[in-house]
Amino acid sequence: MTECRTMFLAAAAAVSAAALSCGSGGAGGSAVPKPVAGAAGAAAISPGDDPNFRITAVADPGLAAFHRQVEVFGIPILAFEQVEDRKLLHAARLMARYLDNDEDGEPDQPEVVEAMREADAFLAMWSRQSDLLRLPESLAAVGQDLGNDETRPEWHENGRTGPFDAAIEEVLHLITFVGYARVWPEAFGISRESRLAEAMDRARGGRFERVPDSWPEGAWFTYDDTTCDYECMLVEYLYWALTSLLGAQENRAPEIGREWRLHTRGLLMSGDPAVFELLTDPRYRIPTVLPDGKYRGG
């Protein structure tokens, strides 16, 4: 990470109305249809080849800047035209596996999905960051952005080696910031009073409203992006802790050591018992398997 990426974007009231119907409890849509036309002047839209998800046109005129979308449990993933279909579907499978970790076709935390729907949460996929400037200023919901080139399905195929799949991070940010924080504010709230904040303050060696000139000796979360305020740091800390618990950071110690030290489950358990206990508390039904771009929930 080089910058705080959590975005507070707007969403037209009809985001979900423009999206694909979920079917009977599944993460995505029904049988794959024929290609459909996109916005005027845009390329035709292929529905893709995934039996669980359909790529559809964006019907809501308020979101005409986007070219197409996929829906996961009622949560839209919206893409600009140059985003590759395989990467759009990869993001959908990651989101589905985070939300339905046991792949039974139903969300493991239905209250999290409901909170995200109520907030009109969405993921915005771009090919050029300047694409985001095309979004209307009159929108009012929360979204997270994800770049086409930083979405790397091959990282999973190559044994979690090579250039990292940033979709693992950005999809999770949306789920935790909009879902976990709203459903369990005492545990995951983006506030200074949550259990997450207490754990983060220990991980940073104290409570810092701004990035300090130097970190206390022994701190293991030392993210130094000065654009990331305290609330942003909470989102980043939760990402590092959960993905380390799930094994995503095992091979990345040289790459991430400047900002995060506890890159394995064992190191997290021994080095940060407060957050380990929080993430393994059965009350919250936190994922136990890292999404790998495959989803068999149906």
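As a reminder, the structure under discussion sits directly above these lines.
In short, a report on the structure. Since we're looking at a predicted model, the values are computed, not measured.

### Concerning the overall build of the protein chain
- Helix and strand counts for the protein chain stand at 11 helices and six strands.
- Per-residue burial for the protein chain yields a buried fraction of 58% across its 298 residues.
- When the accessible surface of the protein chain is totalled, it reaches about 12,300 Å², and 50% of it is carbon and sulfur.

### Considerations on the layout of surface pockets
- Of the pockets and cavities examined, the second largest pocket occupies roughly 190 Å³.
- Arg-86, His-90, Arg-93, Pro-153, His-156, Glu-157, Arg-160, Leu-290, Pro-291, Asp-292, Gly-293 and Lys-294 are the residues that line the second largest pocket.
- Of all elements in the fold, only α2 (85-99) and α4 (154-157) reach the threshold of two or more residues within the lining of the second largest pocket.
- No other element matches α2, which puts three residues into the lining of the second largest pocket.

### Focus on the packing of helix α3 (residues 110-118) against helix α5 (residues 167-183)
- Contact pair α3 / α5: the axes reach a minimum separation of 8 Å and the direction vectors enclose 110°. Taken together, the axes of α3 and α5 lie roughly perpendicular to each other. Between α3 and α5, the contacting residues are Glu-111, Val-112, Ala-115 and Met-116 on the first element and Leu-174, Ile-175, Val-178, Gly-179, Tyr-180, Arg-182 and Val-183 on the second.

### Some thoughts on the state of the cysteines
- Going through the model one piece at a time under the given rule, you end up with one disulfide.
- The side chain of Cys-228 participates in a disulfide bridge whose partner is Cys-232; the two sulfur atoms lie 2.0 Å from each other. Disulfide Cys-228 to Cys-232: torsion about the S-S bond roughly -100°, handedness left-handed.
- By relative accessible area, Cys-232 is classed as buried at 7%.

### Some words on the packing of aromatic side chains
- Following the criterion strictly, the structure yields 15 aromatic pairs and no others.
- With centroids separated by 6.1 Å and ring planes inclined at 65°, the aromatic side chains of Tyr-237 and Trp-260 adopt a geometry described as edge-to-face. On the criterion of sequence distance, the pair formed by Tyr-237 in helix α8 (residues 230-246) and Trp-260 in the loop between α9 (253-256) and α10 (265-271) is long-range, its members being 23 residues apart.
- Put simply, the rings of Phe-221, Tyr-223, Tyr-237, Tyr-239, Trp-240 and Trp-260 touch in pairs and so form one group of aromatic residues.
- Over the ring of Phe-164 we find Arg-252, and its NZ or CZ is 3.8 Å from the ring centre.

### Description of unusual backbone geometry
- In the Ramachandran plot, Glu-103 falls in the positive-phi region, its phi being about 55° despite a non-glycine side chain.
- Inspection of the secondary structure puts Glu-103 in the loop between α2 and α3.
- Of note in this structure, Arg-160 is not a glycine but carries a positive phi near 60°.
- Examined against the element boundaries, Arg-160 turns out to sit in the loop between α4 and α5.
- On the accessibility criterion, Arg-160 (28% relative accessible area) is partly exposed.

### Brief notes about α2
- Over its 15 residues, α2 extends 21 Å from the first C-alpha to the last, a length consistent with the 21 Å expected when each residue adds 1.5 Å.
- Of all 15 residues in α2, 13 are buried; the element is thus mostly enclosed.

### Quick word on the pairing of strand β3 (residues 68-72)
- In terms of burial, β3 is largely enclosed, as five of its five residues are buried.
- What you see with β3 is no split at all: Arg-68, Val-70 and Val-72 on one side and Gln-69 and Glu-71 on the other are buried throughout.
- Between β3 and strand β4 (residues 75-79), which pair antiparallel one after the other, the connecting turn spans two residues, and Phe-73 there sits at a positive phi close to 50°.

Calculation rules
- Residues numbered from 1 in each chain as written.
- Predicted model: local features only at pLDDT ≥ 70, side-chain atom pairs only at ≥ 80, totals over all residues.
- Heavy atoms only, no water.
- Helix = DSSP H or I, 4+ residues; strand = E, 2+ residues; numbered from the N terminus.
- Buried < 20%, exposed > 50% of the residue type's maximum accessible area, 1.4 Å probe, protein only.
- Areas by Shrake-Rupley, 256 points an atom, 1.4 Å probe, with all protein chains shown as cover.
- 1 Å grid on protein atoms, 1.4 Å probe; cavity = no way out; pocket = protein on both sides within 12 Å on 5 of 7 lines; lining within 4 Å.
- Points joined across faces, edges and corners; volume = space filled by probe spheres on them.
- Axes fitted to C-alpha atoms, helices over the stretch in contact; angles between N-to-C directions.
- Parallel < 35°, antiparallel > 145°, perpendicular 65-115°, else oblique.
- Contact = heavy atoms within 4.5 Å.
- Disulfide = S-S within 2.5 Å.
- Phe/Tyr/Trp six-rings, centres within 6.5 Å; stacked < 30°, edge-to-face > 60°.
- Lys NZ or Arg CZ within 6 Å of the ring centre and 35° of its normal.
- Expected span 1.5 Å × (residues − 1).
- Pairing = 2+ DSSP bridges.

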